[in-house]
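Listed here are the chains, written in short residue letters.
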Amino acid sequence: MMRSLFSGVAGLKTHQTKMDVIGNNISNVNTVAFKSSSTTFSDIMYQTTSQASGATATRGGVNAKQIGLGVTNGATKISVTSSGAAQSTGDALDIRLSDTNTTNFFVVNNGSENVFTRAGSFYIDGNGNLAMTTTGYLVMGWQVDPDNPSVITKNTVTPLRVMQPANLTSPPEATTEASFSGVLDKYDSQFKSSGGYIRSFTLYDNLGYPYTAKFSIKLEDETMGKYSVSLTGITDKNNVDILASYLNEEVTTGEPHTLDKIFGGDTTEEFKRSYSLSDGFTASSTTNPQTFSYGGISDYTFDTKTKKFVSSTAGAAPISLAQACGLDDDRAVLGVSYDAATDKLDITFAASELQFDTKEGNLIYAGATGSKKITLHTSLLGPNRSTTDPEQPPEINQALSDISIDFAQLMNYDNGGTSTAVANRGVPDGTIMRGEGKKLGTMTGLSVSNDGKIYGSYSNGNTVLLGQIAAAQFANASGLEEIGNNCYKTTLNSGEFDGIGVDISADGSSMNTGQLEMANVDLSAEFTDMITTQRGFQANSRIITVSDTMLEELINLKR
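This text gives an overview of the structure that appears in the document. (Residues numbered from 1 in each chain as written. Predicted model: local features only at pLDDT ≥ 70, side-chain atom pairs only at ≥ 80, totals over all residues. Heavy atoms only, no water.)

## Brief notes about the side chain of asparagine 462
Inclusion rule: A run of H or I in DSSP counts as a helix once it spans at least four residues, and a run of E counts as a strand once it spans at least two, with each numbered from the N terminus. To sort residues, take the accessible area from a 1.4 Å probe on protein chains only and compare it with the maximum for the residue type: under 20% means buried, over 50% means exposed, and anything in between is partly exposed. The term polar contact refers here to a pair of N or O atoms within 3.5 Å; inside protein, the definition further demands a hydrogen-donor-capable atom paired with an acceptor-capable atom, and it admits residues adjacent in sequence only when both atoms are side-chain atoms.
Within the secondary structure layout, asparagine 462 lies in the loop between strand S34 (453-458) and strand S35 (463-469). Residue classification places asparagine 462 among the buried positions, given a relative accessible area of 9%. At a separation of 2.3 Å, a polar atom in the side chain of asparagine 462 contacts the side chain of lysine 438.

## Let's talk about helix H1 (residues 2-27)
Stated formally: Any helix carries an expected span of 1.5 Å times its number of residues minus one. We call two residues in contact when some of their heavy atoms are within 4.5 Å.
Across its 26 residues, H1 extends 38 Å between first and last C-alpha, which sits within 8% of the 38 Å expected from 1.5 Å per residue. Those residues of H1 that fall on the buried side of the exposure criterion are Leu5, Ser7, Gly8, Ala10, Gly11, Leu12, Thr14, His15, Lys18, Val21, Ile22 and Asn25. Where H1 is buried, its residues contact strand S1 (37-43), strand S3 (65-68), strand S4 (71-78) and helix H4 (523-555).

## Considering the pattern of salt bridges
Put simply, the rule is: Salt-bridge detection follows one rule: a side-chain nitrogen of Lys or Arg within 4 Å of a carboxyl oxygen of Asp or Glu.
Taken as a whole and judged by the stated rule, the model has 10 salt bridges. One salt bridge connects glutamate 517 with lysine 35, and the closest N-O pair in it is separated by 2.4 Å. Of this pair, glutamate 517 sits in strand S40 (residues 515-517) while lysine 35 sits in the loop between H1 and S1, and the two are 482 residues apart along the sequence. By relative accessible area, glutamate 517 is classed as buried at 1%. Of the charged contacts in the structure, one is a salt bridge between glutamate 177 and arginine 434, with a shortest N-O distance of 2.8 Å. Remark: arginine 434 occurs in strand S32 (residues 432-434) and glutamate 177 occurs in strand S14 (residues 177-183); sequence separation between them is 257 residues.

## Focus: the sheet that holds strand S15 (residues 197-204)
Basically, it comes down to this: Paired strands are those between which DSSP finds at least two bridges. Angles run from 0 to 180 degrees between N-to-C directions of axes, and those axes are lines fitted to C-alpha atoms, restricted for helices to the stretch in contact.
An order of S15-S16-S17-S26-S27 is seen for the five strands of this open sheet, with the pairing classed as antiparallel. Each of the sheet's edge strands pairs with one partner strand only, and the pair in question is S15 and strand S27 (363-366). Neighbour-to-neighbour, the strand axes of this sheet turn through a mean angle of 25°, independent of strand direction. The pairing of strand S16 (residues 210-221) with strand S17 (residues 226-236) spans 10 bridges and is antiparallel. By the bridge assignment, lysine 218 is partnered in S17 with serine 228.

## Observations concerning the side chain of glutamate 353
Relative to the elements of secondary structure, glutamate 353 occurs in strand S26 (residues 351-356). Given a relative accessible area of 15%, glutamate 353 falls into the buried group. Within the local environment of glutamate 353, its side chain forms a polar contact with the side chain of tyrosine 365, the two groups lying 2.5 Å apart. When residues no more than four places from it in sequence are discounted, the contact partners of glutamate 353 are Lys226, Tyr227, Ser228, Phe271, Arg273, Tyr365, Ala366 and Gly367.

## Focus: the pairing of S35
Counting buried residues in S35 gives five out of seven residues, a clear majority hidden from the surface. Both strand S11 (residues 138-145) and S35 contribute to a ladder of two bridges, which runs antiparallel. Note that in S35 the partner of tryptophan 142 across the bridge is glutamine 468. Pairing analysis gives five bridges linking S34 to S35, with the strands arranged antiparallel. Its bridge partner being in S35, serine 457 is matched across the sheet by threonine 463. Between S34 and S35, which pair antiparallel in sequence order, lie four residues; one of them, glycine 461, sits at a positive phi of approximately 95°.

## Details of the packing of H1 against H4
Note the cut-off: Small angles under 35 degrees read as roughly parallel and large ones over 145 as roughly antiparallel, with 65 to 115 read as roughly perpendicular and the rest as oblique. Crossings are assigned a handedness: left-handed for a near helix turned anticlockwise from the far helix by less than a right angle, right-handed for a clockwise turn. Here the nonpolar group is Ala, Val, Leu, Ile, Met, Phe, Trp, Tyr, Cys and Pro; Asp, Glu, Lys and Arg are the charged ones; every other residue, Gly included, is treated as polar.
Two elements in contact, H1 and H4, have axes separated by 8 Å at closest approach and are oriented at 160°. Classified by the angle their axes make, H1 and H4 are roughly antiparallel. By crossing handedness, the relation of H1 to H4 is classed as left-handed. Its residues assigned to classes, the contact of H1 with H4 comprises 14 nonpolar, 13 polar and four charged.

## Overview of the packing of aromatic side chains
Note the cut-off: Note on aromatic contacts: the rings of Phe and Tyr and the six-membered ring of Trp form a pair at centre separations within 6.5 Å, being stacked when their planes are under 30 degrees apart, edge-to-face when over 60 apart, and tilted otherwise.
Following the criterion strictly, the structure yields 20 aromatic pairs and no others. Seen in terms of ring centroids, phenylalanine 271 and phenylalanine 349 are 6.4 Å apart; in terms of plane orientation they differ by 75°. Their pairing is edge-to-face. Of this pair, phenylalanine 271 sits in strand S18 (residues 271-276) while phenylalanine 349 sits in strand S25 (residues 344-349), and the two are 78 residues apart along the sequence. Residue class for phenylalanine 271 comes out buried when judged on its relative accessible area of 7%. Aromatic pair phenylalanine 281 and phenylalanine 292: ring centres 5.3 Å apart, planes at 15°, arrangement stacked. Placement of phenylalanine 281 in the loop between S18 and strand S19 (282-285) and of phenylalanine 292 in strand S20 (residues 291-294) is noted, with a sequence separation of 11 residues between them.

## Looking at H4
Spanning 33 residues, H4 covers 48 Å between terminal C-alpha atoms, matching the ideal 48 Å at 1.5 Å per step. Residues of H4 that are buried: Glu526, Thr533, Gly536, Asn540, Ser541 and Ser547. Tucked into the core, H4 has its buried residues touching H1.

## Points about the nonpolar core
Formally: As used here, the term nonpolar core means buried Ala, Val, Leu, Ile, Met, Phe, Trp, Tyr and Cys residues forming a set that is joined through side-chain atoms within 4.5 Å.
With 60 residues, the main nonpolar core has Phe215, Leu231, Phe309, Leu345, Leu376, Ile405 and Phe407 as its most contacted residues. Counting residues in each nonpolar core, the second largest holds 24 residues, with Leu97, Val108, Val115 and Val139 among its members.

## Digging into the environment of glycine 367
For glycine 367, the location among the structural elements is in the loop between S27 and strand S28 (373-376). Owing to a relative accessible area of 13%, glycine 367 belongs among the buried residues under this scheme. The sequence separation of glycine 367 and phenylalanine 116 amounts to 251 residues, and the corresponding C-alpha distance is 64 Å.

## Here's the deal with the pairing of strand S33 (residues 441-448)
Bridging between strand S13 (residues 169-170) and S33 involves two bridges; their strand directions are antiparallel. If you follow serine 170 over to S33, its bridge partner there is glycine 441. Relative to S34, S33 runs antiparallel, the two being bridged by five bridges. Considered in S34, the bridge of valine 448 is made with isoleucine 454. The antiparallel pairing of S33 with S34 creates a hairpin that spans four residues between the two strands, and glycine 452 there sits at a positive phi of about 90°.

## Looking at the sheet that holds strand S21 (residues 297-303)
Ordered by their spatial adjacency, five strands build an open sheet running S19-S20-S21-S22-S23, and the pairing between neighbours is antiparallel. Only two strands of the sheet have a single partner each, and these edge strands are S19 and strand S23 (319-320). Two elements, S21 and strand S22 (residues 308-310), share three bridges in a ladder whose sense is antiparallel. By the bridge assignment, threonine 301 is partnered in S22 with valine 310.

## Let's talk about unusual backbone geometry
Residue asparagine 288 is joined to proline 289 through a cis peptide bond whose omega torsion reads -5°. Here proline 289 is to be found in the loop between S19 and S20. Despite not being glycine, lysine 307 shows a phi value in the positive range, around 60°. Structurally, lysine 307 is set in the loop between S21 and S22. Even without glycine at this site, asparagine 486 takes up a positive phi of about 65°. Considering the arrangement of structural elements, one finds asparagine 486 in the loop between strand S37 (481-484) and strand S38 (487-489). Take asparagine 486: its relative accessible area is 23%, and that puts it in the partly exposed class.

If you want it as structure tokens, here you go:
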């Protein structure tokens, strides 16, 4: 009789435990990445009142006589391997783990040890660390290789301090490539102007300072598809023409600074054009130095520095090329000589020829036969130019780099009298511009790829790898111990964490940003379990009630 009472008590206790588990599940129905639990009952033990006997030749065997002594909570199982539904948040630092073959966990550190979680709601703390929003535990992962910042060093996990001071800016880069593209229409009215068709692009030096390079494209022979391109100026952010400063600089040793050393001097042939002499301007001597007469003065010689004809006669005014032969734009002029056979001035320019196919309109060459690129020697310009050590290259301390300009995308077509050619820093290379150079960039955002790699985005267009979030996997994830705050720690039955972790993409799993994992609590199942638990509890209470009634009847026998 007493056995039934204690069996009823055991039943009440186990059903109360099951109700506690159900209540915890339902209360956490909206907890991020919560894993529901379930209880499994098992009978406790049996009292054997008679042992089993074996069969004989004359009578059969007899089974043992046993009386059960109640129920106990056999196990509380966490459904940790069952993923919850995805909840979209739009926050780049909210990450949901997507499992393929193995249950994955984030590795976080509570200050004393590594623990594990599937709650991927993270933020950047005051020290720049990636941390859990609920507890502040630091998210652990791998750092970039200091010798090769594009590679992750998968070693012992450490806190991911993605917003450390070194990561807040992206260093500038010097422009090393540029390109021209679009259509040149020979009937464009700009080709008839003295300045030609002007194009420009912005370039950067290695310190991030911007400069603007301007070019003039002129039509040389519309029938043969010949154009010329020359450099007309390079100005800094304060609108100071550093090209003019270079050309006007007094050189005490070596060759004088001329424009062809910067642009147009890499051609295989000199770019030379002939111009008829203006009325009143004549050659007075064809021997070197050639002299010219104008206005009664016969000792004019050409000065390459001022690009004018000057005289030693007192009071004689300089004669411009516009006065001498009608050349209005003298910015690219390198030298002038008189050809007695033609009675013309042969003028050499720091310019490069652009030859187009007269049938297809494609560029055949730029500057030199077989090439479609011309080098802009900007390394000779700008600040920090080395002038102290003649044994070193002139660009040894130079912030500006030489720029290879690609003209291959220029076309010579009829476009209704309008040219559409543009100059751009950089050369198209898939979805990026190669060699375009960049100014100093400040961090504008963070993003996490599907394999957990964290990238910083910068105002100069750079995207820099900052680290990678590590994942942890266990032989028996259900064996992990819940320690609260959505975290787990290892047990003897879960398997150990090796301190390094795994790349989540190794088995096809991924990290999905802008999403959180919801609780995997099934309310319909929980309510059903609640009903059966309530009925089980009621039934066990009836055991006690009926046993008490029977004891009461037994006591009443003495009356």
